[in-house]
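# Structural overview for review
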Amino acid sequence: MGVTRRNFVKFAIGGVAGLHLTPLPYKLMDDIAIWTQNWPWVPVPPEGEFLSVKSVCGLCPGGCGIQVRKVDERAVKIEGRTDYPVNPGGICPSGMGGLQLLYDRDLRHTGPMKRVGPRGSGDFMEITWDEAIKTVAERIASLRKNAKTEALVSVDGNSKGSTLSLMIERLTKAAGSPNYVRMPSLEDTYEMGNLLMMGNNGPMAYDLENSDYVLSFGSGLLEGWGGPGRIMNAWAVLREKASKGGATVVQIESRASNTASKSDKWIAARPGTDAALALGIAHVIIRDNLYDQQFVSNYTSGFEKFKTMVLGQYSPEKIVDITGVGKEAIKAMADGFARAKAPVAIYGKGKGTLNGSLFEFMSVQALNALKGNINKPGGIIISDPLPLATLPAISPDGVAERGILTPRFDQAGTNKYPFAVSLINNLIDVINHSDKSPVDTLLVFSANPAFTLPDSGEVNRALKKIPFIVSFSPFRDETSFMADLVLPDHSYLEKTDDIVRPNGLQYQLYGLTRPVVKPVYNTRSAGDTIINIAKAVDTKTASSFPWKDYESVLKIRAKGLFDSGGGLVRYKGAEPAWKWKTASDGPDYKSFGDMWKKIKTDGLWYRKLMPSAIDSGIFKTASNRFEFFISQLELAVKDYPTAAPGGNRLKELGITVEGDAAFMPHYEGNHHHDEQLPLTMAPYEMVNLASGWAPSPPFAYKTIFDDQLLGSDSFAIINPGTASEFRIKQGDYIIIQSKACAVKARASLSHGAMPGVVYMPLGFGHTAYDEFIREKGVNPNLLIPPGKDPLSGHPVWWTTPVKIMKG
Amino acid sequence: MKKEHDQGKYKYGMVIDLDKCTGCGTCMVACAAENNVSVRPDESDKQRSISWMQVYKADNGKEFPEAETVYFPRPCMHCEQDGRGGHAPSCVSVCVATATTLDKNTGIVSQIYTRCIGCRYCQAACPYKARYFNWWDAYFPVDKGLERYLSPEVSPRMRGVIEKCSFCHHRLMRARTKAYADGRRKIKENEYITACAEACPAQAITFGDLNNPKHKVAQLIKSKNAFRILERLNTKPKVYYLSSRDWVRKIADNPVDEFSPISG
């Protein structure tokens, strides 16, 4: 049969019809779809044995208990522990996403590195551990040989009293340098204030769970203050009580933060006026005789002077003008606070990652003293530091002895800053104002000053001037990008390390992290690295580090817990640890060996609070009382010589008021008024965005709203009224300019913002890390010009005069 | 024949206390980590980013300093009905591939990725925006090391399919297996809870069987403060909310055109 026209048409029609009937094209399409859905880069998680390992989170000083679900050697999920007293079950979003910080190769330094690109570029070449340790040791040894040991400076972001921070300080001192510098935090403000008013430098503790009236001056309770796992649980406890009419939370803050929105009462005081408001409340309490007269007369000193000052200078009428808070609200707070059974006035600024203002804190502490709620359930708790064993003293040689006695670069502890322990802002200043950096070698531990410090432009300028920087960060952060050498620490899921009393916790607790997984990359525990460096410097430096490894140092210190007697190493969860004990508990271990073994598996030692009669013994001031009138401050002003002959001591300390008020908690006033910069920029913090040293896990960026970050732009929150003055609409680009610099952001209009204030989130604007974190938004730290908090000398970062314009 | 498991009629549901919710986002992270949800470099593009549990915010519309914010964590509501009397949720009734069904024994609305053809009808039908489309393969670049945290209990999704909250169904499986191994046919109240409920640091989320009067969820939904979002649509969601604030209850019950969340 030939190909006729008819046959051809039949064949074509048959073909078209057949094509519709045969499953072949559909099958092929389906196959292509399935095939392209199974590219080799779509991962298939391998099966394996399920395990659960208990540990403690080390991302912040909050010390939450975590358990990690593992499949064979892989860690697949972090969950909160219900058998840990700090955080019964819950953890914060950063802790929840911790595995990304463990595994993401681009977020971490995968081994010891030498810088090959320019500073800040992040171009490194991997070297061996031996070479890395040798390089640092030789650098220190040469400083020692030339008797220039003070040019070795350490910057430490680990929490105070942790064993790692002691090791860092020890290495610095043993090598012969007094320049061990800590990153500023709210703990510094607490410590200075408590030392001045109560003579006690134990950790600051608020018994929130047992309180029935929480008067919070700016503490970001729900923004991550004092350990989010514990505080959010305390919040739930307070809410539960509140639903039965048993507790009130008042938040004083200019912005409608989560804490302000969720509290029973939001008091919007102008930023930087907390001291005035606290003293205004004190005025009403004293005026109406609502204070605890027995406590005040038995355990405080200087009350009459304080009373005269407060009644004379802090009348509600005046406070209304300063703070913008109404008279009725001030009266209501005074009544609520003074009439509550177990009230507490707490102080903080956001998360507390940065310092607070010393006089503000002391003004808030004065309220607690008026009510006498010290060492009582629901009040503030003064307690001693954990009874950890002290390490043997270092044995400096002649070179080190000379070096240690040289003046600190940051002038902390000098007549000018008599109460500060360390002032990194002064160190930055000194470097920037010298032709040649006095710092030769900078060691940076668990800190990212290039990003987290206020005035970060100046910080980066100083870092560039330092000849040699060594970073011990496990993360590829901005500061490590400035480093010439990186000796990466393990992440908290790979090492044993201690958490010495989580921030703000009222009872004594010692936490211990453990290696949940084998080290993923070629990193080493910083404690071990320090010991190795010391041993490589010279025999004299090595003699201060007689230990095999870091874990043996941890064990030596933990022995002190055993020697102090008592305490528990297991938590059953039946009764919350914040309930004050009625009978002695523990010990639930037999010997130190048994105790250490249990701490290593459960990561925990704690001791509940026990009611004790207040006696004057707890106040270790000159008067053995709580001092409204601070004798140590009077001494520092009247007995110390002035820096310049004929100078004014008060002015040198940054105090502008005169007379008795200068020696008491007082409001310093706002001296930053500038016609050219009519608005105020206030940075704010979020619980779901890390603003400290450790980065946010990429997961956390899912929780950021698109009016906070959109593409590469972050948003500044402005009140709609203020915005309309500048013809700014939602989403507009704006330029925010301060004395320090100008940055671009987008505007987000919100009635939660105080008119005249521009709020910018801390934690955006990274230039390091990887594609999840880098180049997203701006860092408000860039805008903050140098400024000093009176008396403490710490940076003022909470208010910055700015102007805005459409960008 | 004796059944392996108790096949009685369960109705798993959730109660979220908005007075306790602090908007911290831990539930979102816990959910993403538990369920191998892909994280992309730009998560600010909310049209494309995937979050089975999404926290929305809304405010009371008042001026400073009376402004107040509320956060609504929103998982899949696991609706009982489509709102027009049909006994399948609106997403199920539109699915042409039978990739999603309402399990009558548990009340869980499932999603079978390998069956899904990616037509996105269900995404359009869902009044709660709880369904997400995979515009790309899961983001796990080779050599980045991130695939190591993936859980074998939940399969990672491929490009072109819809995904959504499963009430951590694999956890129910886990609890059932454990009960079976222990020789029990019933699982206890807290043996099966979702990752978000477990993670919430403020204990705002409660999970359990709404049919069992002894379960806490069944008691909580009787509160005068209990409500469901967009209740007027009559889709009978199994996720309830509690709030003592009137404006919050009002904002949640408004029809779609009146209620527009600020973000999401």
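Residues numbered from 1 in each chain as written. Chains lettered and ligands numbered in written order. Predicted model: local features only at pLDDT ≥ 70, side-chain atom pairs only at ≥ 80, totals over all residues. Heavy atoms only, no water.

Per an unreviewed UniProt entry, chain B goes by Hdr-like menaquinol oxidoreductase iron-sulfur, subunit 1 and derives from uncultured Desulfobacterium sp.

An unreviewed UniProt entry annotates chain A as Molybdopterin oxidoreductase of uncultured Desulfobacterium sp.

Within chain B, the regular secondary structure consists of seven helices and eight strands. Here the C-alpha radius of gyration of chain B, 18 Å, is about what a compact globule of 264 residues would show, namely 18 Å. Across the 264 residues of chain B, 59% fall into the buried class. Sequence separation of 24 or more characterises 65% of the internal contacts of chain B that already satisfy a separation of 6 or more. Summed over all atoms, the accessible surface of chain B reaches about 11100 Å², with 51% contributed by carbon and sulfur. (Helix = DSSP H or I, 4+ residues; strand = E, 2+ residues; numbered from the N terminus. Rg over C-alpha atoms; globule rule 2.2 N^0.38 Å. Buried < 20%, exposed > 50% of the residue type's maximum accessible area, 1.4 Å probe, protein only. Contact = heavy atoms within 4.5 Å. Areas by Shrake-Rupley, 256 points an atom, 1.4 Å probe, with all protein chains shown as cover.)

A word on the overall build of chain A. For chain A, the count of helices and strands is 27 helices and 28 strands. The globule rule puts the C-alpha radius of gyration for 807 residues at 28 Å, and the 29 Å found for chain A is close to it. The principal-axis extent of the C-alpha atoms belonging to chain A is close to 125 × 65 × 60 Å. Of the roughly 29200 Å² of accessible surface on chain A, a fraction of 55% belongs to carbon and sulfur atoms.

This part takes up the sheet that holds strand 1 (residues 50-56) of chain A. Taken in spatial order, the three strands make up an open sheet running 1-2-3 (chain A), and their pairing is antiparallel. The open sheet has two edge strands, strand 1 and strand 3 (74-80) of chain A, and neither has a second partner. Each strand axis lies, on average, 25° off the axis of its neighbour in the sheet, ignoring direction. Sheet analysis places strand 1 of chain A next to strand 2 (residues 65-71) of chain A, joined by seven bridges and oriented antiparallel. Counted as the bridge partner of A:Ser55 is A:Ile66 from strand 2 of chain A. Lying over the sheet, helix 1 (residues 26-34) of chain B contacts strand 2 and strand 3 of chain A, oriented at roughly 155° with respect to strand 3 of chain A. (Pairing = 2+ DSSP bridges. Axes fitted to C-alpha atoms, helices over the stretch in contact; angles between N-to-C directions.)

Another aspect to go through is the UniProt feature "domain: 4Fe-4S Mo/W bis-MGD-type" (unreviewed entry) in chain A. As annotated in UniProt, the feature "domain: 4Fe-4S Mo/W bis-MGD-type" (unreviewed entry) corresponds to residues 50-106 of chain A in the numbering used here. The span residues 50-106 of chain A carries 18% helix and 37% strand; its end-to-end C-alpha distance comes to 27 Å. (UniProt positions renumbered as here; feature names shortened; annotations may be inferred.)

Another point: helix 19 (residues 456-465) of chain A. All names here are of chain A. Among the residues of helix 19, Ser456, Val459, Ala462 and Leu463 are the ones counted as buried. Taken down its axis, helix 19 places every buried residue within 115° of arc, on the same side. Its buried side turned inward, helix 19 meets helix 17 (424-432), strand 15 (441-445), helix 18 (449-452), strand 16 (468-471) and helix 20 (478-481). (Arc of directions from axis to C-beta.)

Before going further, it helps to examine the sheet that holds strand 16 of chain A. Residues and elements named next belong to chain A. An order of 5-4-17-16-15-6-7 is seen for the seven strands of this open sheet, with the pairing classed as mixed. Taken across any chain shown, the strands that pair with only one partner, and hence form the sheet edges, are strand 5 (124-126) and strand 7 (180-182). Examined bridge by bridge, strand 6 (residues 152-156) and strand 15 share five bridges and lie parallel to one another. The partner of leucine 152 across the bridge, within strand 15, is threonine 441. Of the strands in this sheet, strand 6, strand 7 and strand 15 touch helix 6 (residues 163-175), which is tilted by about 170° from strand 6.

Moving on: the packing of helix 23 (residues 550-563) of chain A against helix 24 (residues 592-602) of chain A. Residues and elements named next belong to chain A. Orientation of helix 23 relative to helix 24, taken along the N-to-C sense of each, is 120°, at an axis distance of 10 Å. Crossing hand, helix 23 versus helix 24: right-handed. Here Glu551, Leu554, Lys555, Ala558, Lys559, Leu561 and Phe562 of helix 23 come into contact with helix 24, specifically with Phe592, Met595, Trp596 and Lys600. When its residues are assigned to classes, the contact of helix 23 with helix 24 shows seven nonpolar, no polar and four charged. (Left-handed = near helix turned anticlockwise from the far one by under 90°. Nonpolar A, V, L, I, M, F, W, Y, C, P; charged D, E, K, R; others polar.)

Looking now at the nonpolar core. A:Leu493, B:Phe72, B:Phe167, B:Tyr192, B:Ile205 and B:Tyr241 are the most contacted members of the largest nonpolar core, which has 121 residues in total. Each residue touching B:Phe72, except ones within four places of it in the same chain, is listed here: B:Leu18, B:Gln54, B:Val55, B:Tyr56, B:Ala58, B:Phe227, B:Ile229, B:Tyr241, B:Val248, B:Ile251 and B:Ala252. With 91 residues, the next largest nonpolar core counts A:Ile285, A:Leu290, A:Phe306 and A:Phe628 among its residues. (Core = buried A, V, L, I, M, F, W, Y, C linked by side-chain atoms within 4.5 Å.)

Right, let's talk about the packing of aromatic side chains for a bit. Counted according to the given criterion, the structure contains 36 aromatic pairs over all chains. Consider the rings of A:Phe295 and A:Tyr299, whose centres lie 5.4 Å apart with planes at 45°: the pair is tilted. Highlighted residues: A:Phe295 and A:Tyr299, both in helix 11 (residues 293-299), separated by four residues, approximately one helical turn. Look at A:Tyr299 and you get partly exposed, because its relative accessible area is 21%. An aromatic cluster is present here, built from A:Tyr291, A:Phe295, A:Tyr299, A:Phe303, A:Phe306, A:Phe619, A:Phe626 and A:Phe628 joined pairwise through their rings. The residue whose ring lies beneath A:Lys305 is A:Phe629, and the NZ or CZ to ring-centre distance is 4.0 Å. Between the NZ or CZ atom of B:Arg48 and the centre of the ring of B:Trp135, over which it lies, the distance is 4.1 Å. (Phe/Tyr/Trp six-rings, centres within 6.5 Å; stacked < 30°, edge-to-face > 60°. Lys NZ or Arg CZ within 6 Å of the ring centre and 35° of its normal.)

Moving on, we get to unusual backbone geometry. Cis geometry is found at the peptide bond from B:Phe64 to B:Pro65, where omega equals -5°. Looking at the element boundaries, B:Pro65 is found in the loop between strand 2 (54-59) and strand 3 (69-74). Even without a glycine there, the phi angle at A:Asn289 is positive, about 55°. Its identity is not glycine, yet A:Leu791 carries a phi of approximately 70°, on the positive side. Residue A:Leu791 is classed as buried on the basis of its relative accessible area, which comes to 1%.

Bringing the environment of A:Val68 into the picture now. Residues and elements named next belong to chain A. Examined against the element boundaries, valine 68 turns out to sit in strand 2. Exposure remark for valine 68: the relative accessible area of 0% places this residue in the buried category. Taking the C-alpha atoms as reference, valine 68 lies 37 Å from arginine 119; in sequence the two are 51 residues apart. Those residues in contact with valine 68, other than ones at most four positions away along the chain, are Leu51, Ser52, Val53, Ala75, Lys77, Ile78, Leu493 and Val516.

All names here are of chain A. A cluster of nonpolar side chains, contributed by Val3, Phe8, Val9 and Ile13, occupies part of the molecular surface with about 440 Å² of accessible area. Structurally, valine 3 is set in the segment before helix 1 (5-21). Residue valine 3 is classed as exposed on the basis of its relative accessible area, which comes to 77%. (Patch = residues over 30% accessible without salt bridge, like charges linked within 9 Å, V, L, I, M, F, W, Y side chains within 5 Å. Salt bridge = Lys/Arg side-chain N within 4 Å of Asp/Glu carboxyl O.)

Counting from both sides, the interface comprises 73 residues of chain A and, opposite them, 75 residues of chain B. In total, about 5900 Å² of surface goes out of reach between chain A and chain B, with carbon and sulfur atoms giving 58% of it. When the buried area of chain A at its contact with chain B is split by residue, A:Lys262, A:Lys702 and A:Phe705 rank highest and sum to 14% of it. For the pair chain A and chain B, the interface holds eleven salt bridges. The residue B:Lys144 makes a salt bridge to A:Asp770 at a minimum N-O spacing of 2.6 Å. Counting across the interface, chain A meets chain B through 33 residue pairs in polar contact (both at pLDDT 80 or more). Of all the secondary-structure elements, those providing two or more residues to the side of chain A that touches chain B are strand 2, strand 3, helix 3 (93-96), helix 4 (98-103), helix 8 (228-242), helix 9 (258-262) and strand 23 (709-710) of chain A. (Buried area = accessible area lost by both parts, 1.4 Å probe. Polar contact = N/O pair within 3.5 Å; in protein donor to acceptor, adjacent residues only side chain to side chain.)

A few words on the pairing of strand 22 (residues 679-684) of chain A. Residue and element names in this part refer to chain A. Of all the six residues making up strand 22, five are buried; the element is thus mostly covered by neighbouring parts of the structure. Pairing analysis gives three bridges linking strand 22 to strand 28 (residues 800-806), with the strands arranged antiparallel. Among the inter-strand pairings, threonine 680 is bridged to a residue of strand 28, identified as proline 801. Looking at chain direction, strand 22 and strand 27 (residues 757-761) are connected through five bridges and run parallel. Directly across from proline 683, in strand 27, lies its bridge partner methionine 760.

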